[in-house]
Amino acid sequence: DDSNKKFSKKKFMPMVRATPCLDAIMPNNRSRDSGNTILVKEYSGGSIFFISANSTASLRGATGDVLLGDEIDDNPPSAGDEGDPVSLLFKRGESFSGGIQVLASTPTTLGTSAIWSWWELSDRCLWYVPCPHCSTWGVFKWSPKSLIKAGPSFYFEYKPDKLTEAAMVCASCGK
């Protein structure tokens, strides 16, 4: 819970407050409002729960159609005596058809890396989105423009002179 509180306070909420469209829908933390605390964020259209992989009660207590697991290789091998934390997380979304499951992690040791094992089990599909300007469908690539080789893709461009800006650029039309 300490890591979740730190992430919520130091990274998530500053990102929300710096993003006008998110700031408009996310209320401030209120200690007397169980729907809006450091670890639970309720907003118009949904909820966000910050849950620890070693807390079976937390893993059982929330459901959702978008399930995100971060730093999977740092998870304990079992959440108490109930099994793999990622499997428990994914069970929380079984009642939602068309749900999204995303795992992210820095791989650790080849052969024992949990994220590598999950990647091998995945469908490895790509998430295509249309360009709002030319309607070309492409895949997000998190690379500088110089590394884009071929095909319609979008990339996010880091602008070091403007630390608060990023741009999604279509490789097909350039907008």
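Our structure is the block above this text.
Figured I'd write up the structure that's included with this text. (Residues numbered from 1 in each chain as written. Predicted model: local features only at pLDDT ≥ 70, side-chain atom pairs only at ≥ 80, totals over all residues. Heavy atoms only, no water.)

A word on the overall build of the protein chain. A count of helical and extended segments in the protein chain gives five helices and eight strands. Going residue by residue from the N terminus, the α and β elements of the protein chain occur as α-α-β-β-α-β-α-β-α-β-β-β-β. Counting across all 175 residues of the protein chain, residues that qualify as buried make up 25%. Of the contacts formed within the protein chain by residues at least 6 apart in sequence, a portion of 37% connects residues at least 24 apart. Just so you have it, the protein chain exposes about 12100 Å², and 55% of that area is on carbon and sulfur atoms. (Helix = DSSP H or I, 4+ residues; strand = E, 2+ residues; numbered from the N terminus. Buried < 20%, exposed > 50% of the residue type's maximum accessible area, 1.4 Å probe, protein only. Contact = heavy atoms within 4.5 Å. Areas by Shrake-Rupley, 256 points an atom, 1.4 Å probe, with all protein chains shown as cover.)

Each regular strand displays side chains that alternate between the two surfaces of the sheet. Alignment of strand β3 (residues 66-70) against strand β4 (residues 100-104), held across five bridges, turns out to be parallel. Across the sheet, the residue bridging to Val66 is Ile100, located in β4. In this fold, β3 hands off to helix α4 (residues 85-91), which returns the chain to β4; that crossover is right-handed. (Pairing = 2+ DSSP bridges. Right-handed = clockwise from strand over helix to strand, strands pointing away.)

Turning next to the state of the cysteines. Enumeration over the complete set of coordinates arrives at zero disulfides. Between Cys131, a free cysteine, and Cys173, which holds the nearest cysteine sulfur, the sulfur-to-sulfur gap is 3.8 Å. This cysteine, Cys170, is not joined by any disulfide, and Cys131 carries the nearest cysteine sulfur, 3.9 Å off. For Cys170, a relative accessible area of 3% puts it in the buried group. (Disulfide = S-S within 2.5 Å.)

Before going further, it helps to spend a moment on the pattern of salt bridges. The final tally for this structure, using the stated rule, is two salt bridges. With a shortest N-O distance of 2.4 Å, Asp23 and Arg17 are connected by a salt bridge. Residue Glu94 pairs with Lys91 through a salt bridge whose shortest N-O separation is 3.5 Å. On the basis of relative accessible area, Lys91 is assigned to the partly exposed category, the value being 48%. (Salt bridge = Lys/Arg side-chain N within 4 Å of Asp/Glu carboxyl O.)

So, on to the nonpolar core. Formed by Leu59, Leu67, Ile72, Ala79, Val86, Leu88, Leu89, Phe90 and Ile115, the largest nonpolar core amounts to nine residues. Among the elements that make up this core, the one with the highest residue count is α4 (four residues). In this structure, Val86 is in contact with Ile72, Asn75, Leu103 and Trp118, ignoring residues within four places of it in sequence. Membership of the second largest hydrophobic core comes to six residues, among which are Val16, Met26, Leu39 and Phe50. (Core = buried A, V, L, I, M, F, W, Y, C linked by side-chain atoms within 4.5 Å.)

With that out of the way, let us pick up the packing of aromatic side chains. Inspection of every chain in the model, using the stated rule, returns four aromatic pairs. Both rings, one in Phe90 and one in Trp118, keep their centres 5.4 Å apart while their planes meet at 80°; by these two values the pair is edge-to-face. You can see Phe90 sitting in helix α4 and its partner Trp118 sitting in helix α5 (residues 114-121), a full 28 residues away along the chain. Among the residues examined, Trp118 registers a relative accessible area of 21% and is labelled partly exposed. One aromatic cluster is present, built from ring pairs that chain together Phe7, Phe12 and Phe50. (Phe/Tyr/Trp six-rings, centres within 6.5 Å; stacked < 30°, edge-to-face > 60°.)

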